[in-house]
Structures are given as C-alpha cells and as structure tokens.
Amino acid sequence: MPKISIVIPALNEEKFLPNLLQSIGGQSFKDFEVIVADAGSKDKTVPLAKKFGAKVVKGGLPGPGRNRGAEVAKGEFLFFLDSDVVLPKDFLQKAFEEMEERFLDLATCEFLPQSDLQLDKVMFKLANLHVKLNQNFNPRAAGFCIFITKRLFDRIGGFDEAVKIAEDHDLVDRASKFRPLRFLNSTHLTVSIRRLEKEGRFSLVEKYLQVEMHLFTKGSIKEDIIEYEFGNFGKEGDPKLSKKILDDLEKNLIQLEGKYNQLTGKLKSDLNDVQSEFKNWKQNLEKMGESFQSIFTGKGKKSK
C-alpha cells in the first residue's frame, strides 16, 4: 500500500501534464501512486499519463474528478495536484515527513509562479500570505495543492459535487472543522500562470473577490455566478468595459516592468564596463610605477 496517492484531474493537458509527471518521476521519495482523472480529453493526455505509469480513471469537473481519483486511491495521504504544477525533486519526501512529524491531516504549501515577472511574484506572495494568515479563521487552500489524509477525506465525504466554484475552499472549510489546516514550512511547488494570462491578472483577482464575498455572505457556490472553463485556455471572450480597463492596466504595468528591466540591465552592463576600465587603468598605473622604480633605483621587480 503506497503512503501517498497523487490525484490529478485533467482535460486536454498534453502540454503541461508531462512536466508534472516527469517531476513526480524524479522524486527522491518513491512510495506513491499517481492517478489521473480524465474528463474526456481529445488530445494525448490519456496515452501520455499511461506512458508515465499513471492509473487513469474517468473524471469530470475538478471536484468530481478528484473524487473519482480518490475512490480508487490506496494511499494513506491524498495529494491533490493540478496538471500545470511542477514539484521540486524532494517535494514528496519533505511534505510527507512534515505531515507525519506534525501529525497533520490537512495541509497546503507555498506556491510560486512559473514566471519572471515581478508583478506575478508579488501577486503570488499576497495569495500565500492570505492563506497563511487565515489558517485558523477562514481556512483556504488552492485545489492544486491540497494534502489530506484519506481517513479525513472519507469522513467529510470528499468534494461536494454540487458546488460549482471554489470546491477546494468548500472542502478545506468542512475538513478544518475536524482537523486544522496547516501551512507546510519545508517545501513549495510552482504553478503556471496560464489562467492569469487568459483571464487577465486583475480581472481574475476581481473574480476571486466575487467568490470570497459570496462564500462569506451566502456560503458554498452552487450556482453559476461567474464563468469558469475547466481545461479551456485557448479561447477569449468579449471583454466588458471593466475587464478592458483592468487588462489595459495590467498590460501597462508589464510594459513598464519590461522597460525597467531593460534600463537596469543597461546600467548594469555600463557599470561592468566602467569597473573593467578602472581595473585596466589601475593595472597600467601599477606597471608605470614599477617602471619608474626600475629607472631610479635599478631594483624593479624581476620577471619570473
């Protein structure tokens, strides 16, 4: 019986899934199984999953898909990941050992963006901070990094399949009534920014705020209050005015960051040139000093 069952809901993930599965295959910790819950992919998701040795089951939207994977899981711990995350090579070892040492039944971890943009790094830092600060008062965890014992998952009945959006928050909220959510200190994972790029960074933040407001005032979301497309990252809708404004702001910030990086890069290059010239000047000055010393004393440094 494996210690960990990794459950991954997927739909048309041939581009990202191999990166995750490759990072899983390279783990130092080997006592695990991988289950891909496929929601009817039309691309190479299923054959690729099987090629990497994953067990493939019929899935659905994220919540139902994760439930289908959990139903066949044999591990003591369920690690729910999404197809577009990548794990450090010691992730499973550190996560498992910390959950064991701290007697944790429910946990999440820091997630970093697969991006060099400072804007993305700042947004992710704020998201991580939100999770950390709310562990005891308003527990939240993203669906792509929820770690829970099988016994606790079964006790609460898994993901509520009637929930349309934020099924991850709903699960964590119900589970935390029995065992507290905790933030792992020993490890992290990285996640793609494809949803940020598709929907717009600030538009997505606005959407998440809508979700949080609904959860706070009305509870779990069991109707379609906002648009959500599982596994669809190639289509763009007609933006509303507010979305256009937010997207324009995002575009301008990214352009500003690009210009800043170009400027600092040029300044760094110029500084390196100045330092190099100064070094050459210093060396030439030292050689001149040695020459004068040789002329006036006849005791210049002997060449080796």
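Residues numbered from 1 in each chain as written. Predicted model: local features only at pLDDT ≥ 70, side-chain atom pairs only at ≥ 80, totals over all residues. Heavy atoms only, no water.

## Some thoughts on the overall build of the protein chain
A tally of helices and strands in the protein chain yields ten helices and eight strands. Sorting the 304 residues of the protein chain into buried and exposed places 43% on the buried side. Partitioning the contacts of the protein chain with sequence separation of at least 6, the portion at a separation of at least 24 is 78%. Total accessible area on the protein chain is roughly 17600 Å²; 56% of this is exposed by carbon and sulfur atoms. (Helix = DSSP H or I, 4+ residues; strand = E, 2+ residues; numbered from the N terminus. Buried < 20%, exposed > 50% of the residue type's maximum accessible area, 1.4 Å probe, protein only. Contact = heavy atoms within 4.5 Å. Areas by Shrake-Rupley, 256 points an atom, 1.4 Å probe, with all protein chains shown as cover.)

## Digging into the confidence of the model for the protein chain
Mean pLDDT over the protein chain works out to 84, with 71% of the residues at or above the 70 mark. Note on residues 235-239: pLDDT is under 50 here. Beyond four places in sequence and across chains, it has three contacts. With pLDDT under 50 throughout, residues 300-304 is counted as low confidence; its partners more than four residues away or in other chains account for two contacts. (pLDDT = per-residue confidence, 0-100.)

## A short note on the state of the cysteines
Evaluated as defined, the whole model comprises zero disulfides. For Cys-109, which is in no disulfide, the shortest distance to another cysteine sulfur is to Cys-145 and amounts to 4.7 Å. (Disulfide = S-S within 2.5 Å.)

## Quick word on the environment of Thr-190
Relative to the helices and strands, Thr-190 is located in strand S8 (residues 182-191). When the C-alpha positions of Thr-190 and Leu-87 are compared, they lie 6.7 Å apart, and in sequence the two are 103 residues distant. In contact with Thr-190, other than residues within four places in its own chain, are Asp-84, Val-85, Val-86, Leu-112 and Gln-114. Polar side-chain contacts of Thr-190 include one of 3.2 Å to the side chain of Gln-114. (Polar contact = N/O pair within 3.5 Å; in protein donor to acceptor, adjacent residues only side chain to side chain.)

## Here's the deal with helix H3 (residues 62-72)
Counted residue by residue, H3 has eight buried out of eleven residues, so it is predominantly covered. Of all the residues in H3, the buried ones are Pro-62, Gly-63, Pro-64, Gly-65, Arg-66, Asn-67, Gly-69 and Ala-70.

## Overview of the pairing of S8
By the bridge criterion, two bridges tie strand S5 (residues 85-86) to S8 in an arrangement that is antiparallel. Counterpart to Val-86 in the pairing with S8 is Thr-190. (Pairing = 2+ DSSP bridges.)

## Section: a nonpolar patch on the surface
On the surface, a nonpolar cluster with roughly 390 Å² of combined accessible area is contributed by Val-122, Leu-126, Leu-129 and Leu-133. Tracing the chain through its elements places Val-122 in helix H5 (residues 118-133). (Patch = residues over 30% accessible without salt bridge, like charges linked within 9 Å, V, L, I, M, F, W, Y side chains within 5 Å. Salt bridge = Lys/Arg side-chain N within 4 Å of Asp/Glu carboxyl O.)

## A look at the pattern of salt bridges
Counted under the stated rule, the structure contains 14 salt bridges. As a salt-bridge pair, Glu-76 and Lys-3 come within 3.9 Å of each other at their nearest N and O atoms. Of the two residues, Glu-76 is situated in the loop between H3 and strand S4 (77-81) and Lys-3 in the segment before strand S1 (4-10); the sequence distance between them amounts to 73 residues. Here Glu-76 falls in the partly exposed class, since its relative accessible area comes to 30%. Each of the salt bridges in this network shares a partner with another, and the network as a whole consists of Glu-13, Asp-84 and Arg-194.

## Some points on the sheet that holds S5
Within a sheet, each strand pairs with its neighbour through backbone hydrogen bonds, oriented either parallel or antiparallel. Reading across from one edge, S3-S2-S1-S4-S7-S6-S8-S5 is the order of the eight strands in this open sheet, with mixed pairing throughout. Looking at which strands have only one partner, the edges of the open sheet turn out to be strand S3 (55-58) and S5. Taken together, the four bridges between S1 and S4 define a ladder with parallel strand orientation. Each residue of the ladder has a partner; that of Ser-5, found in S4, is Leu-78. Helix-sheet contacts for H5 involve strand S6 (106-113) and S8, and the interaxial angle to S6 is about 165°. (Axes fitted to C-alpha atoms, helices over the stretch in contact; angles between N-to-C directions.)

## Thoughts on the packing of aromatic side chains
With the rule as written, the count across this model stands at nine aromatic pairs. Centroid distance Phe-29 to Phe-96: 5.2 Å. Interplanar angle 40°. Geometry classified as tilted. One end of the pair, Phe-29, is in the loop between helix H1 (17-25) and strand S2 (32-38); the other, Phe-96, is in helix H4 (residues 91-101), with 67 residues separating them in the sequence. The pair formed by Phe-29 and Phe-96 is uniform in burial state, with each residue classed as buried. (Phe/Tyr/Trp six-rings, centres within 6.5 Å; stacked < 30°, edge-to-face > 60°.)

## Re the pairing of strand S7 (residues 145-149)
Along S7, five of the five residues are buried, which leaves the element largely enclosed by surrounding structure. Bridging between S6 and S7 involves two bridges; their strand directions are antiparallel. Opposite Ala-107, over in S7, you have Phe-147 as the bridge partner.

## What to know about the nonpolar core
Counting 39 residues, the largest nonpolar core has Ile-6, Ile-8, Phe-79, Phe-91, Phe-147 and Leu-189 as its most contacted members. No other element matches the five residues that H4 contributes to this core. Look past the residues within four positions of Leu-189 in its chain and what remains in contact with it is Leu-81, Val-85, Val-86, Leu-87, Pro-88, Phe-91, Cys-109, Glu-110, Phe-111, Leu-112, Phe-144 and Cys-145. (Core = buried A, V, L, I, M, F, W, Y, C linked by side-chain atoms within 4.5 Å.)

## Here's the deal with the side chain of Glu-167
Position of Glu-167 relative to the elements: it lies in helix H7 (residues 167-175). For Glu-167, a relative accessible area of 11% translates into the label buried. A polar atom in the side chain of Glu-167 sits 2.8 Å from the side chain of Arg-66.

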